Amino acid sequence: MATFKIDNVAMTKQPSHIEIIPPRQQIYPTSGANKIIVQPLTPPTIEVRWGMDATYPEVVAELKTKRGRDLVHAISWTNEDGARLKHCNVVFPEIGSGIGPARTAVDVMTLTLEAINPMPGLLLTTLFAPGVLTVADGVVKWIAPAGGRILWVSGTIYILGTGAGGTQIQVSNGATDYLTTPGDFVVASGTRLMENQVVAPDAYFDRGDIIEIDVDAIPAGADSSTVSIYIYCLSFEV
Amino acid sequence: MITQQGTEIWTLVGVITVGDGKWPKAMPYAGEFVKVGGSINILGTGAGTSTDVQLRNETQAKDILSTVGTFEVDSGTNLLEGAVVDPATCSFAKGDVVQADVDAIPGGADSATAVIEAVVIYFIDDV
């Protein structure tokens, strides 16, 4: 049986049937008794059906819990080869139940989910600063191709350096700092990963903004070197 | 929660040597690996014939590739070849550290500067 997940968590009550229903073709007759067939470029509908082995109230209860108050969710199900999962963003209708002709009946239930392409979409940017680092603003720059919001910033340093202190990184657009707490590469780090960084809740940027990496501090040995900063954004244009 | 696709990059800087944890990266969300590729600036020379790269989920102590990717010394493209994502280990959790391990280098020990790119699916839980 295929695995069906909502928001990357498998359902206890697995459906018996999942079907992708493409958007209906539009057919226009022409004067010459021919037809013009138009395939809409809209996402499909996903039909998820629970069969006779899954009792209706239990499925409804689980779906209500997983939906919560959020309209958009990610669903996943096992691919045709049985090894991988397909993933899809869907609009999840509010789930309810009524009393049917017989309350003890074990019913078949079908949930119809409209697939969507969520906007804004994810945009990953890696800013790479090779060589020995010195304190300076704008050591690497990136021109934002569209407006967006920074979700998360992380980084890896190749050589941590020596001495007191550490390498401290800020991400800004030249005027506004996006990290309320800058990221640190501590000399004694066992992972060489950025630590302590906190992204501002309103870390928005506009199309054409120059996003830059500022080195705010370096270790006393002045020998930290070569850093990659990863910026995860929602892009308002994809 | 929405699911989105992205490309993660691991950079192997300078002359490449055999070893684990060359370029650790903390994954910002839960997700799974789909495909892995890459390119190398200098292929290197000598017997041994390739620079072999594995992606490893250090947090879960699992190799992500069932077949490691190789930069062959005689490559005509400088691209990573043969990398196969293991469907049994491709999933990762938020915060898992994934690193590039170099399992082999050419006899000349002179391959250098490579970029490993992985197509990943993320489950974004904060939008």
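Residues numbered from 1 in each chain as written. Chains lettered and ligands numbered in written order. Predicted model: local features only at pLDDT ≥ 70, side-chain atom pairs only at ≥ 80, totals over all residues. Heavy atoms only, no water.

Glancing now at the domain arrangement of chain A. Looking at chain A, the domain boundaries give domain 1 (4-115) and domain 2 (121-237). Computed from C-alpha coordinates alone, the two centres of domain 1 of chain A and domain 2 of chain A are separated by 41 Å. (Domains from an automatic or database assignment.)

A separate point is the pairing of strand β3 (residues 30-42) of chain B. Residues and elements named next belong to chain B. With eleven bridges joining them, β3 and strand β11 (residues 112-124) adopt antiparallel strand pairing. Looking at β11, one finds that Gly-37 is bridged to Glu-117. When β3 meets strand β9 (residues 91-92), the two strands line up antiparallel, connected through two bridges. Residue pairing for β9: Glu-32 is matched across the bridge by Ser-91. (Pairing = 2+ DSSP bridges. Helix = DSSP H or I, 4+ residues; strand = E, 2+ residues; numbered from the N terminus.)

Turning our eyes to something else, we now look at the side chain of Thr-45 of chain A. Residue and element names in this part refer to chain A. You can see Thr-45 is positioned in strand β6 (residues 45-50). Of note is the side chain of Thr-45, whose polar atom sits 3.4 Å from the side chain of Glu-114. Residues within four places of Thr-45 in sequence aside, it is in contact with Glu-19, Ile-20, Ile-21, Thr-112, Leu-113 and Glu-114. (Polar contact = N/O pair within 3.5 Å; in protein donor to acceptor, adjacent residues only side chain to side chain. Contact = heavy atoms within 4.5 Å.)

A word on the packing of aromatic side chains. Applying the stated rule across the entire model yields nine aromatic pairs over all chains. With a centroid separation of 6.2 Å and 35° between ring planes, the pair formed by Trp-10 of chain B and Phe-33 of chain B is classed as tilted. Of the two residues, Trp-10 of chain B sits in strand β1 (residues 2-15) while Phe-33 of chain B sits in strand β3, which places them 23 residues apart along the sequence. When the centroid spacing of 5.2 Å and the interplanar angle of 65° are considered together, the rings of Phe-33 of chain B and Phe-92 of chain B count as edge-to-face. One end of the pair, Phe-33 of chain B, is in strand β3; the other, Phe-92 of chain B, is in strand β9, and 59 residues separate them in sequence. For the pair Phe-33 of chain B and Phe-92 of chain B, a shared accessibility class is recorded, and that class is buried. In this structure an aromatic cluster arises from ring pairing among Tyr-232 of chain A together with Trp-10, Tyr-29, Phe-33, Phe-92 and Tyr-122 of chain B. (Phe/Tyr/Trp six-rings, centres within 6.5 Å; stacked < 30°, edge-to-face > 60°. Buried < 20%, exposed > 50% of the residue type's maximum accessible area, 1.4 Å probe, protein only.)

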